[in-house]
Amino acid sequence: MTTTTLTDALPAHRKRGRFAMRAAVVALLLWVLVPLWLLAVNTFSSPDAVNGFPKSLVPEFDLGSLSFFAGFQGVSRALLNSAIVALLTMIMSIGLGAPAGYALSRFDFRGKESFRLLVLMTRAFPLPLLALPLAVMFIRVGLDDSLFGLALVHTTLALPFAVLITFSLFSGIPMELEEAAWTLGCTRIGAFHKVVWPLIRPGIAASAVFAFVISWNEVFAASVLTIQNRTLTAFLLQSLDVSPMPLKFAGGFVLVVPALIFIFLVRKYLFAMWGIANR
Amino acid sequence: MAIIEIKNVAKRFGAVTALHNVDMTIADKEFMVLLGASGCGKTTLLRIIAGLETPSEGEIWIGGRRVDHLPPRQRGIAMVFQNYAVFPHLTVFENIAFGLRMQKTPQDQVRRRVTRTAELMHIEQLLERYSGQLSGGQRQRVAVARALAMEPEVILMDEPLSNLDALLRLEMRAELKGVLAEAKSTAIYVTHDQVEAMSLADRIAVVHKGRIVQAAEPIEVYRNPATRFVGSFIGNPPMNFLPARADGGGRWSVAGFSLQGPTAERPLEFAIRPEDLTPAEAGIPAIARVVEPLGPHLLVTTEVEGQTFRAVLESERRVVPGDRLHLAPMPGRARWFDPETETAIAA
């Protein structure tokens, strides 16, 4: 009742603004959710239904497509490869990124601001430009077609985020907490372990997951740098033309779901991190 | 025994000199307050003593041991920070126990000492809480308890009350004084609040532009400021200053009023605290501009030769804006400064 009165009392332009806002939110939601929904519907429908017409908007809960996908030659191998590469990427980007983030937040040094910008600029460099020289270099060094080599490239992609995210995480922890720990008997490392680490752990986990997802979804470098040891994205790209519809849908679904789940789990930290990282 | 000796300590940040060769000795169990405006270098000096900052020059000795090359944990100090720095992931109990656990103190002793300091700071009912569930004043108590539980030789405090509201600050100030007197540690306390400094200190060191300009008992700093800055910084309302003309033979003329002063040839600056003035037949001629009845006394802002001149008078006295007053300095209360060096000249 009260709400209605309030809404009625609003001036016309405010009402219009509110309507536009709502319309934009709905449009955005549809933009994101409809493809996901169609993907899910087709994944959980039998291969016949996927190929048939008219399409149904509700899934049949038939696992035919998924089992067909699971049994498809090379899929399980590609899935495992994807997981390994993503795990390696996660470990390396946090292992390298977190110390850099810590240094950026705690120490003043010449060129600090330019360094921060430079870290971000690496993301502006188009990967296709690097593809050929990188492939040649990898072949020379012997890293070509290896999961570790691909993880290195993915680490390069994930590292800027890891650095900037951990930078803002560390900046959110007052220096005084560490200093207090020093005066109470801690060494530098001890203070980090006893005070900073427990506070930063959830945020680190979130940025690790973020790195995992970046690698998991990456397709270009994976396609160029691997031949035998394809990750799932590269494998699907390669076999997209020649594979039947149900396989495409099931593959897409398997790719999307882990990313969705992970991002959903850490969404709180991502919001917080971007909020601070915008500084 | 924890005498603190600061020997020729200087600190430079790039081209900026934060501290100019400071020398100071703080006696065992003394309560020393470093007082100064923000950015004067007082916090830098405290952080150098704590080991959180390295001096560019000079030595720090604590209890006869040179410590300037040692990390904070090996200096026998405890510190209370301005924003409390209570660990948010630990309970109040674990916060207070933190230092003791680092020293590998036996569990029963940890429990005993934490309980005792918590009782001392009146936070024994908060021991299971986390920092996020505490008010500013309670956090402050935890921070002090955490430092006290260490039973340190030296306790360092960096504006510990500045984030509290006025009433709480007054309450904590009195409490802190009692607790620290009990603790028998040597204490260094940084503040920009002169009332806090006066109330707490055994000795006040006034820091100005990276130098200690005066280090003396509070009443001495108040009565006999070594420089014009000390006089104007300490005391509320601040000290009055007026130019004085030499009449020869130690006689000085201030706004037409003649009084006895030091023997000097150059013009000096005459200074007087507002409460050291009384209305009299003969005195400095002043025109009342603003009259503020403050309860215990009357604050009258007057104009003397175009300059602001304040007097604190008895509250019964009737003064209205526009009144012409003659304000005479109480005997022995006038102070004299050299306008060039801004240092005090003995009368």
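Since the model is a prediction, treat every value here as computed from it, not as a measurement. Sequence order as written defines residue numbering, which begins from 1 separately in each chain. Whichever chain is written first is A, and whichever ligand is written first is 1; the rest continue in order. Per-residue local features of the predicted model are confined to residues with pLDDT of at least 70, and side-chain atom pairs are confined, for both listing and counting, to 80 or more; whole-chain, interface and lining totals are unaffected and use all residues. The basis for every side-chain value is the complete set of non-hydrogen atoms in the structure, without hydrogens or water.

Asker: What is the right way to read the overall build of chain B from this model?
Answerer: Put simply, DSSP H or I for four residues or longer makes a helix, DSSP E for two residues or longer makes a strand, and each gets a number counted from the N terminus. For chain B, the count of helices and strands is eight helices and 20 strands. Of the roughly 15500 Å² of accessible surface on chain B, 50% is carried by carbon and sulfur atoms. Here the Shrake-Rupley method, with its probe set to 1.4 Å, supplies the accessible areas, and only the displayed protein chains count as covering residues.

Asker: Would you mind showing me how to read the side chain of Glu-179 of chain A here?
Answerer: Inspection of the secondary structure assignment puts Glu-179 of chain A in helix 9 (residues 175-183). For Glu-179 of chain A, a relative accessible area of 5% corresponds to the buried category. A polar contact is formed between the side chain of Glu-179 of chain A and the side chain of Arg-47 of chain B, at a distance of 2.6 Å. Excluding anything up to four places from it in sequence, Glu-179 of chain A contacts Arg-47, Leu-52 and Phe-81 of chain B. Burial classes follow relative accessibility: with a 1.4 Å probe on protein chains only, a residue under 20% of its type's maximum area counts as buried, one over 50% as exposed, and anything between as partly exposed. Under the rule applied, a polar contact is a pair of N or O atoms within 3.5 Å (in protein, one hydrogen donor and one hydrogen acceptor; residues adjacent in sequence only if both atoms are side-chain atoms). The contact criterion used throughout is that any non-hydrogen atoms of two residues lie within 4.5 Å.

Asker: I would appreciate a short explanation of the domain arrangement of chain B in the present structure.
Answerer: Quite often, the size of an interface is put as the accessible area lost when its parts meet. All names here are of chain B. Parsing chain B into structural domains produces domain 1 (4-228) and domain 2 (240-345). Averaged C-alpha coordinates put domain 1 and domain 2 at centres separated by 38 Å. Counting residues at the interface gives seven residues for domain 1 and eleven residues for domain 2. Put simply, buried area is how much 1.4 Å-probe accessible surface two parts lose in total, over both of them, once they are put together. At the boundary of domain 1 with domain 2, total buried surface from both sides reaches about 920 Å², with 43% on carbon and sulfur atoms. Contact with domain 2 buries area across many residues of domain 1, yet Tyr-222, Arg-223 and Arg-228 alone supply 70% of it, more than any other trio. Salt bridges, as used here, are contacts in which a Lys or Arg side-chain nitrogen is within 4 Å of a carboxyl oxygen on Asp or Glu. Taken together, the links from domain 1 to domain 2 amount to two salt bridges. Between Glu-269 and Arg-228 there is a salt bridge, and its shortest N-O distance comes to 2.7 Å. The interface formed by domain 1 and domain 2 contains eight residue pairs in polar contact (both at pLDDT 80 or more). Charged residues are taken to be Asp, Glu, Lys and Arg, nonpolar residues to be Ala, Val, Leu, Ile, Met, Phe, Trp, Tyr, Cys and Pro, and polar residues to be all remaining types, Gly included. When grouped by side-chain class, the residues that make up the side of domain 1 that touches domain 2 number three nonpolar, two polar and two charged. The start and end points of each domain follow an automatic or database-based domain assignment.

Asker: So what exactly am I meant to see when it comes to the pairing of strand 8 (residues 186-191) of chain B here?
Answerer: Successive residues of a regular strand alternate their side chains across the two faces of the sheet. All names here are of chain B. The buried fraction of strand 8 is high, at six of six residues. On strand 8, burial covers both faces: Thr-186, Ile-188 and Val-190 on one face and Ala-187, Tyr-189 and Thr-191 on the other are all buried. Judged from the five bridges that link them, strand 3 (residues 31-35) and strand 8 form a sheet pairing that is parallel. By the bridge assignment for strand 8, Met-32 is matched with Ile-188. Two strands make a pair as long as DSSP finds a minimum of two bridges between them. Across five bridges, the pairing between strand 7 (residues 154-158) and strand 8 is parallel. Looking across to strand 8, one finds that Val-154 is bridged to Thr-186.

Asker: Help me out: how do you make sense of the interface of chain B and chain A in this one?
Answerer: Each partner contributes residues to the interface: chain B has 18 residues there, and chain A has 15 residues. Taken over both partners, the interface formed by chain B and chain A buries close to 1600 Å², and the fraction arising from carbon and sulfur atoms is 75%. Considering only the surface of chain B that becomes buried against chain A, Arg-73, His-89 and Met-102 of chain B emerge as the three largest contributors, covering 33% of it. Here Glu-179 of chain A ties to Arg-47 of chain B by a salt bridge, and the two come within 2.6 Å at their closest N and O atoms. Where chain B meets chain A, there are three residue pairs in polar contact (both at pLDDT 80 or more). When residues of the side of chain B that touches chain A are traced back to their parent elements, those giving at least two are strand 6 (77-80) and helix 2 (92-102) of chain B.

Asker: I keep staring at the confidence of the model for chain A and nothing clicks. Help me out?
Answerer: A low pLDDT means the predicted coordinates there should not be read in detail. As a per-residue quantity, pLDDT reports the predictor's confidence and falls between 0 and 100. Taken over all residues, the pLDDT of chain A has a mean of 83, while the share at 70 or more is 91%. For chain A, the element scoring lowest by mean pLDDT is helix 1 (residues 2-9) of chain A, at 52; helix 9 of chain A scores highest, at 94.

Asker: What is the right way to look at the sheet that holds strand 2 (residues 16-26) of chain B in this model?
Answerer: Backbone hydrogen bonds hold the strands of a sheet together, and the pairing may be parallel or antiparallel. Taken in spatial order, the four strands make up an open sheet running 2-1-4-5 (chain B), and their pairing is antiparallel. Taken across any chain shown, the strands that pair with only one partner, and hence form the sheet edges, are strand 2 and strand 5 (65-66) of chain B.

Asker: Help me out: how do you make sense of the UniProt feature "transmembrane region" (unreviewed entry) in chain A in this one?
Answerer: UniProt positions are given in the numbering used here, feature names are shortened, and annotations may be inferred rather than shown by experiment. The UniProt entry lists residues 19-40, 83-105, 117-141, 147-170, 204-227 and 247-266 of chain A under the feature "transmembrane region" (unreviewed entry), expressed in the numbering used here. Helix and strand shares over residues 147-170 of chain A are 100% and 0% respectively, and the end C-alpha atoms of the span are 31 Å apart.

Asker: What is the right way to read the nonpolar core from this model?
Answerer: Side chains of a nonpolar character, in soluble globular proteins, are inclined to be buried together. We define a nonpolar core as any set of buried Ala, Val, Leu, Ile, Met, Phe, Trp, Tyr and Cys residues linked to one another through side-chain atoms lying within 4.5 Å. The biggest cluster of nonpolar side chains holds 74 residues, and the ones touching the most others in it are Ile-6, Phe-87 and Leu-156 of chain B. When residues of this core are assigned to their parent elements, the largest contribution, ten residues, is made by helix 8 (residues 147-171) of chain A. When near neighbours in sequence (up to four residues on either side) are disregarded, Phe-87 of chain B contacts Leu-177, Ala-180, Ala-181, Leu-184 and Val-195 of chain A together with Asn-95, Phe-98, Ser-131 and Arg-146 of chain B. Counting residues in each nonpolar core, the second largest holds 49 residues, with Phe-31, Val-110, Ile-155 and Ile-234 of chain B among its members.

Asker: So what exactly am I meant to see when it comes to helix 2 (residues 12-43) of chain A here?
Answerer: Given 3.6 residues per helical turn, the α-helix brings residues three or four places apart onto the same face. All names here are of chain A. Taking 1.5 Å per residue as the helical rise, helix 2 with its 32 residues ought to reach 46 Å, and the 46 Å between its terminal C-alpha atoms agrees with that figure. Its axis deflected by about 30 degrees at Leu-33, helix 2 carries its strongest bend there, up to four residues before the proline Pro-35. Residues of helix 2 that are buried include every one of Leu-39, Ala-40, Val-41, Asn-42 and Thr-43, and no others. Those residues of helix 2 hidden inside the fold are in contact with helix 3 (47-51), helix 4 (64-71) and helix 13 (245-265). One fewer than the residue count of a helix, multiplied by 1.5 Å, yields its expected span. Across the chain, bend at a residue is computed as the angle between axes fitted to the seven residues ending at that point and the seven starting from it.

Asker: I tried to follow the packing of aromatic side chains on my own but got confused; where do I start?
Answerer: The relation between two aromatic rings is expressed through the spacing of the ring centres and the mutual angle of the planes. Between 30 and 60 degrees the pair is tilted, below 30 it is stacked and above 60 it is edge-to-face, where a pair is any two Phe, Tyr or Trp rings, Trp via its six-membered ring, whose centres lie within 6.5 Å. What the rule picks out here adds up to 14 aromatic pairs over all chains. Here Phe-212 of chain A and Phe-262 of chain A contribute two aromatic rings whose centre-to-centre distance is 5.3 Å and whose plane-to-plane angle is 85 degrees, an arrangement assigned as edge-to-face. Of this pair, Phe-212 of chain A sits in helix 10 (residues 188-217) while Phe-262 of chain A sits in helix 13; the two residues are 50 residues apart in sequence, bridging distant segments of the chain. Pairing Trp-252 of chain B with Trp-336 of chain B gives two aromatic rings, centres 5.6 Å apart and planes at 40 degrees, and the pair type is tilted. On the criterion of sequence distance, the pair formed by Trp-252 of chain B in strand 12 (residues 251-254) and Trp-336 of chain B in strand 19 (residues 335-337) is long-range, its members being 84 residues apart. Both residues of the pair, Trp-252 of chain B and Trp-336 of chain B, count as buried. Here the aromatic residues Tyr-102, Phe-107, Phe-170 and Phe-192 of chain A are joined through ring pairs into a cluster of three or more.

Asker: Would you mind showing me how to read the UniProt feature "domain: ABC transporter" (unreviewed entry) in chain B here?
Answerer: Listed under "domain: ABC transporter" (unreviewed entry) in the UniProt record, and renumbered for this structure, are residues 4-234 of chain B. The span residues 4-234 of chain B is 37% helical and 26% strand by assignment, and the distance between its end C-alpha atoms comes to 25 Å.

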